[in-house]
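Secondary and tertiary structure notes
Residues per chain, in single letters:
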Amino acid sequence: MKTEVDFYEIDDLFTNEHKLIRSSVRDFVVSQITPIIEDIAQKAVFPLDMPKKMGEMGLFGCTIPEIYGGSGLDYISYGIMMQELERGDSGMRSVASVQNSLVMYPIFKFGNELQKHKYLPNLASGKILGCFGLTEPNHGSDPNGMQTRFVEDGDFIVLSGSKMWISNAPIADIAIVWAKDNQDRIHGVIVEKGMEGFSAPEIKNKWSLRTSITGELVFDKVRVPKSNILPLKNGLGAPLMCLDSARYGIAWGAVGVAIDCYLTAKKYALERIQFGKPIASFQLIQKKLAEMLTDITKAQLICWQLGNLKNKGKATTAQISLAKRNNVEIAIHIAREARQILGAMGIVSDYPIMRHLTNLESVITYEGTHDIHLLILGKEITGIQAFC
Ligand SMILES: Cc1cc2nc3c(=O)[nH]c(=O)nc-3n(C[C@H](O)[C@H](O)[C@H](O)COP(=O)(O)OP(=O)(O)OC[C@H]3O[C@@H](n4cnc5c(N)ncnc54)[C@H](O)[C@@H]3O)c2cc1C
């Protein structure tokens, strides 16, 4: 039950249930993800049976009440799940983040009872997979400028436009699409696979997040029943609330990757002999390992306290930005340092480092870029918004 990297005995703060969740997700990752991950990353394929397995494992709908098929867990449990999943692979964690925070969360928060009962249990079990369409070809950091629109036509809306860089898009059964009405108000709309005029072509040749399928969403006058609009919140605040929830999971996930890189580098440094001694005996290698442990410990403490704030409903957007930005930055730095410790072996898939490193290049950009999170903090400190 004890975790391998716990320098400040943060484990004592977790409940037995948290620790049990951690060890069962760890077992799931070791048995279902680790054996295939390097191969599927090299081939850039997503195992289509994975959503069902993740659903059975309780990795979807973690914080959603049981009446809708979820597990009704607290936010620290959700964080722990994302940490252990991302320790396996950021692409796998991305699939779970999207399903939990970007698909189930908006249906739960902004949907009506009919929509909740129709979609949430199937999403929780992994029977169906969802995606979240906010980013567009011409609007990434500036989603308010989105061009995807709909007009009303009787009991239907007619949706036109396109979304870009959408995780899960080509394999998703439903898409939560953010689009403007004729008064420029943003609404969440549930678009189902197979609706006429809707397509989701794959974006190929990614060097990053190769185990997570990414695509476009194209709407060519798609007729969607009005009953598929999420009625309880509109405006940009709605998708931003979803992103807060997903970024929270990323902050924990980044700790998982950092731990995997640190442990891999530590083991390698103790075993690799140069100049007649393990490279771990050289001061410069020890410096790297010491700094990795320091950064991981600080990131763990951030996650713990942010989880408590989230459980109390008090975590602010700026607090979440700080955690996502800091933890992904330390993870990418640790991955780079670990790659150096492994020398040439750091670039091959005998070890997870290079896969983690290239994955993190997406993680540092999606769900708000590194610099946009810095500017969110800048606004929090000064009261002045510097990004528009
Ligand atoms: C693998 C992957 C999966 C993704 N999955 C999804 C998904 O499921 N759903 C979804 O909606 N989106 C998704 N995204 C999109 C992601 O959220 C965007 O890439 C991100 O928001 C940045 O937008 P952009 O790429 O258009 O960059 P841009 O917004 O064009 O930014 C380019 C650069 O300019 C900087 N910049 C922009 N504006 C400012 C400013 N005002 N001040 C200072 N610097 C600025 C940025 O920080 C960045 O460095 C995904 C992206 C990737 C790579």
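Residues numbered from 1 in each chain as written. Predicted model: local features only at pLDDT ≥ 70, side-chain atom pairs only at ≥ 80, totals over all residues. Heavy atoms only, no water.

Turning next to the overall build of the protein. From N to C terminus, the protein includes 10 helices and nine strands. When the backbone C-alpha atoms are referred to their principal axes, the protein occupies close to 80 × 45 × 40 Å. Sequence-distant contacts in the protein: of pairs separated by 6 or more residues, those separated by 24 or more amount to 73%. In the protein, 42 positive and 42 negative side-chain charges are present, and the distance between their average locations comes to 2 Å. (Helix = DSSP H or I, 4+ residues; strand = E, 2+ residues; numbered from the N terminus. Contact = heavy atoms within 4.5 Å. Lys, Arg positive; Asp, Glu negative; His and termini not counted. Charge placed at Lys NZ, Arg CZ, Asp CG, Glu CD.)

On to the packing of helix 6 (residues 237-271) against helix 8 (residues 317-341). At a minimum axis distance of 8 Å, the contact between helix 6 and helix 8 shows a crossing angle of 20°. Judged on the interaxial angle alone, helix 8 and helix 6 are roughly parallel. In this structure, helix 6 meets helix 8 at a crossing whose hand is left-handed. (Axes fitted to C-alpha atoms, helices over the stretch in contact; angles between N-to-C directions. Parallel < 35°, antiparallel > 145°, perpendicular 65-115°, else oblique. Left-handed = near helix turned anticlockwise from the far one by under 90°.)

With that out of the way, let us pick up the site of the ligand. Residues in contact with the ligand amount to 18 residues; listed here are only the nearest, Phe132, Thr135, Ser141, Trp165 and Thr369. The contact in question runs from an oxygen atom of the ligand to an N or O atom on the backbone of Leu134, over 3.0 Å. Ser141 places a polar side-chain atom, nitrogen or oxygen, 2.6 Å from an oxygen atom of the ligand. The protein chains hide 67% of the 980 Å² of surface that the ligand would expose on its own. Partitioning the shell around the ligand into residue classes produces nine nonpolar, seven polar and two charged. (Near = heavy atom within 4 Å. Polar contact = N/O pair within 3.5 Å; in protein donor to acceptor, adjacent residues only side chain to side chain. Areas by Shrake-Rupley, 256 points an atom, 1.4 Å probe, with all protein chains shown as cover. Nonpolar A, V, L, I, M, F, W, Y, C, P; charged D, E, K, R; others polar.)

Unlike most non-glycine residues, Asn205 shows phi in positive territory, near 65°. When you line up the elements, Asn205 lands in the loop between strand 6 (198-199) and strand 7 (214-225). Residues other than glycine seldom take positive phi values, yet Glu367 does so here, at roughly 60°. By the secondary structure assignment, Glu367 is in the loop between helix 9 (353-363) and helix 10 (370-382).

Okay, the domain arrangement of the protein next. Splitting the protein by domain gives domain 1 (10-129), domain 2 (131-228) and domain 3 (237-382). Its C-alpha centre places domain 1 at a distance of 20 Å from the equivalent point of domain 3. Across the contact surface, domain 1 and domain 3 share two salt bridges. Across the pair Asp89 and Arg355 runs a salt bridge, and its minimum N-O distance is 2.7 Å. (Domains from an automatic or database assignment. Salt bridge = Lys/Arg side-chain N within 4 Å of Asp/Glu carboxyl O.)

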